[in-house]
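What follows is the residue order along each chain.
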Amino acid sequence: MANELKMPTLPSFDNVEDERRHRKERLAAGFRLFSKFSFDEGVAGHITARDPELLDHFWVNPFGMHFSHIRVSDLILVNDHGEVVQGDRAVNQAAFAIHSQVHAARPDVIAAAHAHSTYGKTWSSLRRPLGALTQDACAFYGDHAVFEDYTGVVLDTEEGKRIAHALGDNKAVILSNHGNLTVGHSVDEAVWWFITMERTCQAQLMAEAAGTPVEIDPEMAGLTQSQVGSHIAGWFSFQPLWDRITREQPDLFE
Ligand SMILES: [Zn+2]
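A brief look at the structure comes next.

Cut-off values and rules
- Residues numbered from 1 in each chain as written.
- Predicted model: local features only at pLDDT ≥ 70, side-chain atom pairs only at ≥ 80, totals over all residues.
- Heavy atoms only, no water.
- Donors = N, O, S within 2.8 Å, 3.2 Å for Na, K, Ca; no water.
- Buried < 20%, exposed > 50% of the residue type's maximum accessible area, 1.4 Å probe, protein only.
- Helix = DSSP H or I, 4+ residues; strand = E, 2+ residues; numbered from the N terminus.
- Polar contact = N/O pair within 3.5 Å; in protein donor to acceptor, adjacent residues only side chain to side chain.
- Contact = heavy atoms within 4.5 Å.
- Axes fitted to C-alpha atoms, helices over the stretch in contact; angles between N-to-C directions.
- Parallel < 35°, antiparallel > 145°, perpendicular 65-115°, else oblique.
- Left-handed = near helix turned anticlockwise from the far one by under 90°.
- Nonpolar A, V, L, I, M, F, W, Y, C, P; charged D, E, K, R; others polar.
- Pairing = 2+ DSSP bridges.
- Arc of directions from axis to C-beta.
- 1 Å grid on protein atoms, 1.4 Å probe; cavity = no way out; pocket = protein on both sides within 12 Å on 5 of 7 lines; lining within 4 Å.
- Points joined across faces, edges and corners; volume = space filled by probe spheres on them.
- Right-handed = clockwise from strand over helix to strand, strands pointing away.

Bringing the coordination of the zinc ion into the picture now. Taken together, His114 (NE2), His116 (NE2) and His178 (NE2) make up the full set of protein donors to the zinc ion, lying 2.0 to 2.1 Å away. Positions of the donor residues of the zinc ion along the chain correspond to the pattern H-x1-H-x61-H. When its relative accessible area of 1% is taken as the criterion, histidine 114 is described as buried. Note on histidine 116: relative accessible area 22%, which makes it partly exposed.

What follows concerns the side chain of glutamate 159. By the element assignment, glutamate 159 lies in helix α4 (residues 157-167). Look at glutamate 159 and you get buried, because its relative accessible area is 10%. Within the structure, the side chain of glutamate 159 is placed 2.7 Å from the side chain of threonine 151, a separation counted as a polar contact. When neighbours within four sequence positions are excluded, glutamate 159 is seen to be in contact with Phe147, Thr151 and Val154.

Here we take up the packing of helix α2 (residues 93-105) against α4. Two elements in contact, α2 and α4, have axes whose closest approach is 7 Å; the angle formed by their N-to-C orientations is 45°. By the angle class used here, α2 and α4 are oblique. Judged by the sense of rotation from one axis to the other, the crossing of α2 with α4 is right-handed. Together, Phe96, Ala97, Ile98, Ser100, Gln101, Val102 and Ala105 of α2 and Thr157, Gly160, Lys161, Ile163, Ala164 and Leu167 of α4 make up the contact between the two elements. Of the residues that constitute the contact of α2 with α4, the class distribution is eight nonpolar, four polar and one charged.

Our focus in this paragraph is the sheet that holds strand β8 (residues 179-184). The strand order across the open sheet formed by eight strands is β4-β3-β2-β1-β5-β8-β7-β6, and the pairing between neighbours is mixed. Every interior strand has two partners, whereas the edge strands, β4 (84-86) and β6 (144-147), have only one. Direction aside, the axes of adjacent strands within the sheet are offset by 25° on average. The sheet contact formed by strand β2 (residues 58-60) and strand β3 (residues 76-78) spans three bridges and is antiparallel. Residue phenylalanine 58 lies in a different strand from β3, and its bridge partner there is valine 78. On the sheet, α2 packs against β1 (46-50), β2, β3, β5 (111-115) and β8 and is oriented at approximately 40° with respect to β1.

Another point: the environment of serine 68. With respect to the element layout, serine 68 can be found in the loop between β2 and β3. Residue classification places serine 68 among the partly exposed residues on the basis of a relative accessible area of 26%. Along the chain, serine 68 and aspartate 40 lie 28 residues apart, while their C-alpha atoms are 9.0 Å from each other. Among the polar contacts listed, one links the side chain of serine 68 to the side chain of histidine 66, at a separation of 2.7 Å.

Where α4 is concerned, the buried positions are Glu159, Gly160, Ile163, Ala164 and Leu167. In an axial view of α4, the angular spread of the buried residues amounts to 145°, which keeps them on one side of the axis. Among the structural elements, α2, β6, β7 (172-175) and β8 are those in contact with the buried residues of α4. Its side-chain oxygen 2.9 Å from the backbone nitrogen of glutamate 158, aspartate 156 forms the N-cap of α4. Backbone geometry just downstream of α4 places glycine 168 in the positive-phi region, at approximately 60°.

With that out of the way, let us pick up empty space enclosed by the protein. The final tally for this structure, using the stated rule, is one cavity of 30 Å³ or more. In this structure, the largest cavity encloses a volume near 50 Å³. Around the largest cavity, the lining residues are Phe147, Asp149, Tyr150, Thr151, Gly152, Val154, Glu159, Ile163, Leu175, Ser176 and His178. The class makeup of the residues in the lining of the largest cavity is five nonpolar, four polar and two charged.

Let's shift gears to unusual backbone geometry. Residue arginine 127 is not a glycine yet carries a positive backbone phi of 55°. Counting through the fold element by element, arginine 127 comes out in the loop between α3 (118-124) and β6. Backbone geometry at asparagine 177 places phi at a positive 60°, although glycine is not the residue there. Looking at the secondary structure, you find asparagine 177 in the loop between β7 and β8.

This brings us to the pairing of β6. A two-sided burial pattern is seen for β6, the buried positions comprising His144 and Val146 on one face and Ala145 and Phe147 on the other. Following the backbone out of β6, through α4 and into the adjacent parallel β7, one traces a crossover that is right-handed.

Just geometry here; none of it tells us what the structure is for.
Below is the structure:
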């Protein structure tokens, strides 16, 4: 008799409260992981999750709270005017200016992630797309863009609109001289793309510092993109990280 082999499976929900709770738990876990990977830089950085019922509202981290401290109950809900409608802490104006426009332009996007991580912001100063240097890098092959402008801290939704336009249908955009932004059909996916994009920036910086890396040919890069770059692959890659962080830091559920 064959054994039943276990695999993580995509969750489904029969009510909006459960779905909301699920998104908020994944979001709190995402912040804990961002802290673990040292993506924190003072008060910079935000991950948002679209509310499953109020589709133009999103959940986000409170402005000025360290990623490593964020619990489900600390998350704030922001409406389409940038007003906090649940929670008692302020929203980062840049989080609203950028993420509200990304969520509006991309109805398929459930979550968006952005931080001032070291290798991402270093790579962003080169104003170039990432190359197909490694198998992991192929997740971004033909699926990321460069926003080739820098106009100071993004506080205006007009600038957020321009960023959303540059993102297009891609999973990621490099914000020049600033850092990366990734999106996904789940919080899991957006957070995973951010983590693996950071390491992809690191790998390319190291490879170019060491010599002249050889790119994967376009046909193989495209094939690999379809294997490691799909929505389900992004979601699946996050699951061991979820297991790790929730076992280590169960207070995030509070
Ligand atoms: Zn930023």
